[in-house]
Structure formats: structure tokens, C-alpha cells
Amino acid sequence: MSAGPDPRPTPHLGVDLTEETIFTWGAPPLKFGAGAVDEIGFEMAQYGARRVLILTDPRINSLGLPARIADSLTRHGITSEIFDGCHVEPTDDSMDKAAGYAREQGPWDGFVAVGGGSAIDTAKAVNLLTTDEGALMDYINPPIGAGRAPKGQLKPLIAVPTTAGTGSESTAMCVLDVLSMRVKTGISHWRLRPTLAVIDPLVSLTLPPEVTASAGMDIVCHALESYTARWYTTFDRKQPEQRVTYCGSNPVSDLWCEKALTLLAASFRTAFRDGSDLAARSSMMLAATFAGMGFGNSGVHIPHANAYPIAGMVKDYRPPGYPQAEPMVPHGMSVSLTAPEAFRFSFSSAPERHLHAAALLAPDAEKLNDPGEQLPAAVIDLMRDIDIPNGIGAVGYTEADIGDLVPGTMKQQRLLATCPRPVGAEDIAAIFAKSIQNW
């Protein structure tokens, strides 16, 4: 289903070369299906790898999946080690420690990442730091880091997601908290994209409902933000070396986002209520990957930019279903908390796109008198059904914190650049204020 031709004009060569005429799109090869993880040894052998590091977190390691992958590698003559120190919601410190381990125990011919986006993002950083030899801050997006591009091709990386959420198996970026600055940021370059995504829905059956909810809201926001992002032809024209991973919404990314929203509408609530439903879990895993194929090229905007300070400045909130050792706001949850108000703000930029997205996410919803409420209402109805906290107030923030949250959002210029409307600090402050409670 398509929203129809985009009303924004596409400049033609020879007519206006000050506006962009080119978009880029990329995604890794994909292997999907029950039992797919048992074929990782075969896949890694195709790259000539003989020694591989498997990166995961303690919980996933305890479930035995990394050992199962190691057995698959062994059957194909590949030796491996398991590093289970990946941090849930990774930090610059945790990524540096993982890279330090990899350097000390290396060299490696390839990497396998097993887990949620945290493990996959950590593996991307480890691959970068052990192959390109720079320091983490050299590569982090400006203005926080230097935004250096990798000089050459990285080692083979096979990504094995165990949650349906981040879509990190499809994307060319990794996200982390910079502890000293209390801000979440990322590294973005097409060389970070995994060599292969291996998606096995059987590995997601044991996810707690709270993790299903948070990770699933990340998919929702990936698809919605990508679909409503600034259209690619509205940017200033770039030289080839200036092209970034996020190029704005475009016809190819749109297709993946639309399909992801259709899958979410049919499966998300079921996967939350009954985690053993394999059909629903399969649809959620596909939706996560499809949304990654969308936003990983077009970009995300205000909800994700706001999520970084919400997660980075957490006080005492400890979410059910997650490790309780330290306070945290899980990424998908943090992204969702200001999404309804963000889509109210962006509605005027492309009403038909917002309405079409709402129809895909909530196909049975009644049409509202105010069309600008259609998408926020669809998002809120879903959040309420899956027990997402009611706004930033429910995770510990008050109006007094808005002045501290806004600068963290405004540092995310890579994301705000794809917002379909110009957005300033006062706009972001208003969105935070109206998101203290969402219903």
C-alpha cells in the first residue's frame, strides 16, 4: 500500500543543481527462519574466517545460544571465543572495555554479535576499533566526537538479533552513552553495517513482555520517524564524500517502513500478551529488520533525538523485566515517551504521510475530527495496551528537568537534520513539557 506520489517536487538535472537529486540505500544480506542460527558456521566459513569472536551479554550467554553458535563454527573448522561483557544500553566505557578485550585476545578474522541492539552495536564498535585502530571519540558523530570515517573495509560481522526492536542488524550505526557528558550519541558510517543478518524467531520466544514492549516501540518509532522524515530532495546538494547514511525519506525506505507498520499492526499486541506465539514473534522480528532497512537509510528525528537525554540522564527509574542493578530507561521506551507530541509537531510538514502511517499502524481506528491527532492517538493506544509508562513523568522527570534535557537533544544534530520541520530548542522544550503525561 502506498501513500501515492510525494507532493514535494524532485528537481531535474540541468534545472536545479542546488537541491539534492540523489538518495542512497543499503542493507546487509539476510538469512531468516527457524533454525537459521545453526547455519552461522557455514556462513562465516564463506569469508575464509578461521578465528572468530562472539560478542554477547551475560543473560544471553547463560541461555546457551552463543555456545550453540560456537558449535556451528567448530563444525566448519573455525575456532571461537565468547565475550559476554556487552553492556545493556552500552557506554563509551563498556565499548572501550570490549574493544580492549578484543585487541588483547586477537587478532580475529570475523565477529558474531548475539543479542539485542546493545550487543550488535558493541560488536560494530569493536570491529571498527580493532580494524581501523582509532579511538572511540575519533568516530562519534559531531559535535560530540570527530566524526572520522573508517579508512578501509572492516572484518566480517554476522549479526544475530535476539530481540525484535533496534533493527541494528540492518543498520550502519551504533549507539552509546558517553558517561562523562551524560548524553547518548552514536557512530554512523556505511562500513559499520553487518556483513550478514541471521534472524531466527525461535530465539525471541523467551523475551519478557516488558522487553517485548520496549523493543517493539523502537520498531514503531523507527518506521514512523523514517516515513515522516524530511524528503531527500529538500536537502542541499552534496558532493559524494559528503553523503551520510541518513539521506532523508525516499521511495525505497518508504516501502520497508510501510511493510513494518503493517506487520506491527497485526502482531505487536499478540507478541506482548503471548510471547510463545511463533507467528507473532516472526512478524515482529521481520518488522524490526524491515524498519531497520527503512530508517537505517532515511533517518529518524525528534523522538530518537529526545530519547538520548531521557536515557542518558536517568535518575532512579528501574524498568520491570530488565536488570535491576542500576537505573535505566530502555532505549525503545525512551524513544516512545515523546513520540505522540513529536508527531503532533511534525504533522503540518506532510499531513498525508502522517495520516497514511496512522492508517497502517491502526487500520481499524476511527477517523478523528482533528487529523493531526490521528497518528498520536494510534501511538498512545498502542502504548497503553502494552504498558509503556505514561510520559517522561512516569520515568522520573518533571518540568524542572526540561532545561537540562533540551541541550542533550540539541546535540543530536545528525538526527534533527532529518526532521521534516525546522526545530529549535524552544520547540523541543515544548514537546518535553507536553510529554510529561501522554494521556
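Model, not experiment: these values are computed from the prediction. (Residues numbered from 1 in each chain as written. Predicted model: local features only at pLDDT ≥ 70, side-chain atom pairs only at ≥ 80, totals over all residues. Heavy atoms only, no water.)

With 21 residues, helix 9 (residues 278-298) should reach 30 Å at 1.5 Å per residue; the first-to-last C-alpha distance of 30 Å fits that figure. Burial within helix 9 is extensive, with 18 of its 21 residues counted as buried. A positive backbone phi angle near 115 degrees is found at G299, which sits one or two residues after helix 9. (Helix = DSSP H or I, 4+ residues; strand = E, 2+ residues; numbered from the N terminus. Expected span 1.5 Å × (residues − 1). Buried < 20%, exposed > 50% of the residue type's maximum accessible area, 1.4 Å probe, protein only.)

For the rest of this paragraph, the subject is the confidence of the model for the chain. Looking at the chain as a whole, the pLDDT averages 92, with 96% of positions reaching at least 70. The low-confidence segment residues 1-5 (pLDDT under 50) makes eight contacts with residues lying over four places distant or belonging to another chain. (pLDDT = per-residue confidence, 0-100. Contact = heavy atoms within 4.5 Å.)

Leaving glycine out, the prevailing phi sign among residues is negative, and the prevailing peptide bond configuration is trans. Cis geometry marks the peptide bond from G106 to P107; its omega dihedral reads 10 degrees. Here P107 lies in the loop between helix 4 (92-105) and strand 4 (110-115). Omega for the peptide link from P142 to P143 comes to 10 degrees, which places this bond in the cis form. With respect to the helices and strands, P143 occurs in the loop between helix 6 (136-139) and strand 5 (157-161). Located in the positive-phi region is E89, a residue other than glycine, with phi close to 60 degrees. As for its position among the elements, E89 is in the loop between strand 3 (79-83) and helix 4. Judged by its relative accessible area of 14%, E89 is buried. Positive phi outside glycine occurs at D387, with the angle close to 65 degrees. Residue placement: D387 occurs in the loop between helix 14 (374-385) and helix 15 (402-410). Residue classification places D387 among the exposed positions, given a relative accessible area of 59%.

This structure, assessed with the given rule, holds 15 salt bridges. For D132, the salt bridge identified is with R148, shortest N-O distance 3.5 Å. Placement of D132 in the loop between helix 5 (117-131) and helix 6 and of R148 in the loop between helix 6 and strand 5 is noted, with a sequence separation of 16 residues between them. Given a relative accessible area of 31%, R148 falls into the partly exposed group. (Salt bridge = Lys/Arg side-chain N within 4 Å of Asp/Glu carboxyl O.)

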